[in-house]
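# A closer look at the structure
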2 protein chains.
Amino acid sequence: MTSPLPTTAQNWLSLFPALECLENDTMARLAETSQVVDIPAGQTIFRAGDACQSFLLVLGGVVRVQMTSENGREIILYRVDAGETCILTTACLLGHDPYGAQGITETQVRAVAIPAAVFHQLLATSQVLRDFVFKSYATRLANLMVLIEEVAFGRLDIRLARFLLDKADADGTLPLTHQQLAVELGSAREVISRQLKEYERRGLVRLHRGHLTVLESAQLSRLCEA
Amino acid sequence: MTSPLPTTAQNWLSLFPALECLENDTMARLAETSQVVDIPAGQTIFRAGDACQSFLLVLGGVVRVQMTSENGREIILYRVDAGETCILTTACLLGHDPYGAQGITETQVRAVAIPAAVFHQLLATSQVLRDFVFKSYATRLANLMVLIEEVAFGRLDIRLARFLLDKADADGTLPLTHQQLAVELGSAREVISRQLKEYERRGLVRLHRGHLTVLESAQLSRLCEA
DNA sequence: GTGTGTTTGTGACTTGGTTACAGACACCAG
DNA sequence: CTGGTGTCTGTAACCAAGTCACAAACACAC
């Protein structure tokens, strides 16, 4: 899982616009202490209760962060894309808490792992890194608040419609199973099936095994307004 | 609302254990730029969409932070007690975003208001302030994740039982209306009334107008386990 | 005691989650 | 091509929770 540095620190830093004017000494320290790791798709990189060992900067690929309830239902909190960091990891490092959710690679992921001690030290000395971390924190928190609002107050038919519109590609195709949609929205598979069937009955989508097609995106988005 | 400084910076800082070894220059800067404000109970200090002007340290009293849906349902996100800060405010300042929720004083509140510019500057220079802010951030985020879990997966009867046990005083009294309980849990008044009536039928609580009494806390807490 | 506003109770209905299966489909091995 | 296997989808019945509409009980001021 851990490969020898495939690139120099200077190289991978160029992937982070926000860090591009990182201080020289910070960069040097990162180069000597941090590791670039490659992780295959579908791997669990941390689970609820784990202690947090190192700060992760995602260079490429996507990490999905989700929670699972006792009875097996799941909800996706957010995704970490290239150039981003996982605030949950940051929070755990800063608060010395264990993780409160689960992180899974959705694709192959290349990331920089900065050991906790180095992260703490650099956070104290590097204005640029600090700004970067604080900024990520702020945007993720805003996302989580929207999520709370949706889960607490939102109607599922509308949340689903929005999700379909948002995630379907140009020809309206969405290659997800009903179960996967349920996890995206924190709902149950049967509920999603029911709702999709209703959309199909109204001619808004067409269902297939393993994927679906949005037919009437205009009508679907009108649904979201009302 | 803004009163002349009732105490010196040295005085109010003593209320924050985490800030007690704040750097001398930081303290001086705070003393000259920040204001101690007193706000009466029941005042809205920010609402969703507002821009954030200054960082707030609560010296005394309680601020409630909650969200309201279009159709009027509300949910309490967290409370800011004496010695704490509002992470939402921090996030807004750091991300230059507007507020995503509403803050209301539950009691009279005395707070230190640090102007945004000063806050940014001190965050860059004061290790102690930085640690304090990061720590608060981490703990609040953990709270919010628990909230998401509860709202998305939790059963209302159990959440309510837990709340009653948690908030009732020594003699089992809880001076809240059903509507207030509904807001605490992000539910609807009728649902709470129904559930409380069921608890009363089972002899677990006794209901009165404007308050209720927990009779069988043991049985109530057994409910939460199962 | 009467009026007024708040709080609580209740029934009917809708939405969403759970349980328990059955059927449909994809794909592999023989 | 055929049967077997695992995954995905459909459905019905039931329960939990939110919504709507309105009635009753209560607290308190006048």
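Residues numbered from 1 in each chain as written. Chains lettered and ligands numbered in written order. Predicted model: local features only at pLDDT ≥ 70, side-chain atom pairs only at ≥ 80, totals over all residues. Heavy atoms only, no water.

The name given to chain A in an unreviewed UniProt entry is Crp/Fnr family transcriptional regulator, with the source organism recorded as Magnetovibrio blakemorei.

All names here are of chain A. Along the chain, T44 falls in strand β2 (residues 44-46). A residue is classified by how much of its surface remains accessible, and T44, at 28% relative accessible area, is partly exposed. Those residues in contact with T44 that sit more than four places away from it in its chain are Q102, G103 and I104. (Helix = DSSP H or I, 4+ residues; strand = E, 2+ residues; numbered from the N terminus. Buried < 20%, exposed > 50% of the residue type's maximum accessible area, 1.4 Å probe, protein only. Contact = heavy atoms within 4.5 Å.)

Below, the discussion takes up the environment of B:R202. Of note, B:R202 is situated in the loop between α8 (189-201) and β9 (205-208). B:R202 sits 20 residues away from B:R222 along the chain, and the two C-alpha atoms are 13 Å apart.

In the vicinity of DNA strand D, 20 residues are found, and the nearest of them are A:R189, A:K197, A:R209, B:L156 and B:S187. Atoms of DNA strand D within 4 Å of the protein: sugar and phosphate make up 52%, bases the balance. B:R73 is positioned such that a nitrogen or oxygen atom in its side chain is 3.1 Å from a sugar or linking oxygen of DNA strand D. Within the backbone of B:L156, a nitrogen or oxygen atom sits 2.7 Å from a phosphate oxygen of DNA strand D. Only α8 (189-201) and β9 (205-208) of chain A together with α8 of chain B provide two or more residues apiece to the surface near DNA strand D. Among the elements that take part in the surface near DNA strand D, α8(A) stands out by supplying four residues, more than any other. (Near = heavy atom within 4 Å. Polar contact = N/O pair within 3.5 Å; in protein donor to acceptor, adjacent residues only side chain to side chain.)

A separate point is the pattern of salt bridges. Tallied over the entire structure, the rule returns 24 salt bridges over all chains. A:R79 is paired through a salt bridge with A:E184; the nearest N and O atoms lie 2.6 Å apart. Highlighted residues: A:R79 in strand β5 (residues 74-80) and A:E184 in helix α7 (residues 178-185), separated in sequence by 105 residues. Between B:R64 and B:E106 there is a salt bridge, and its shortest N-O distance comes to 3.1 Å. Taken together, the positions of B:R64 in strand β4 (residues 63-68) and B:E106 in the loop between β6 (102-105) and β7 (109-115) put the pair 42 residues apart, joining distant regions of the chain. Owing to a relative accessible area of 31%, B:E106 belongs among the partly exposed residues under this scheme. A single salt-bridge network, built from bridges that share partners, covers A:R64, A:R79, A:E106 and A:E184. (Salt bridge = Lys/Arg side-chain N within 4 Å of Asp/Glu carboxyl O.)

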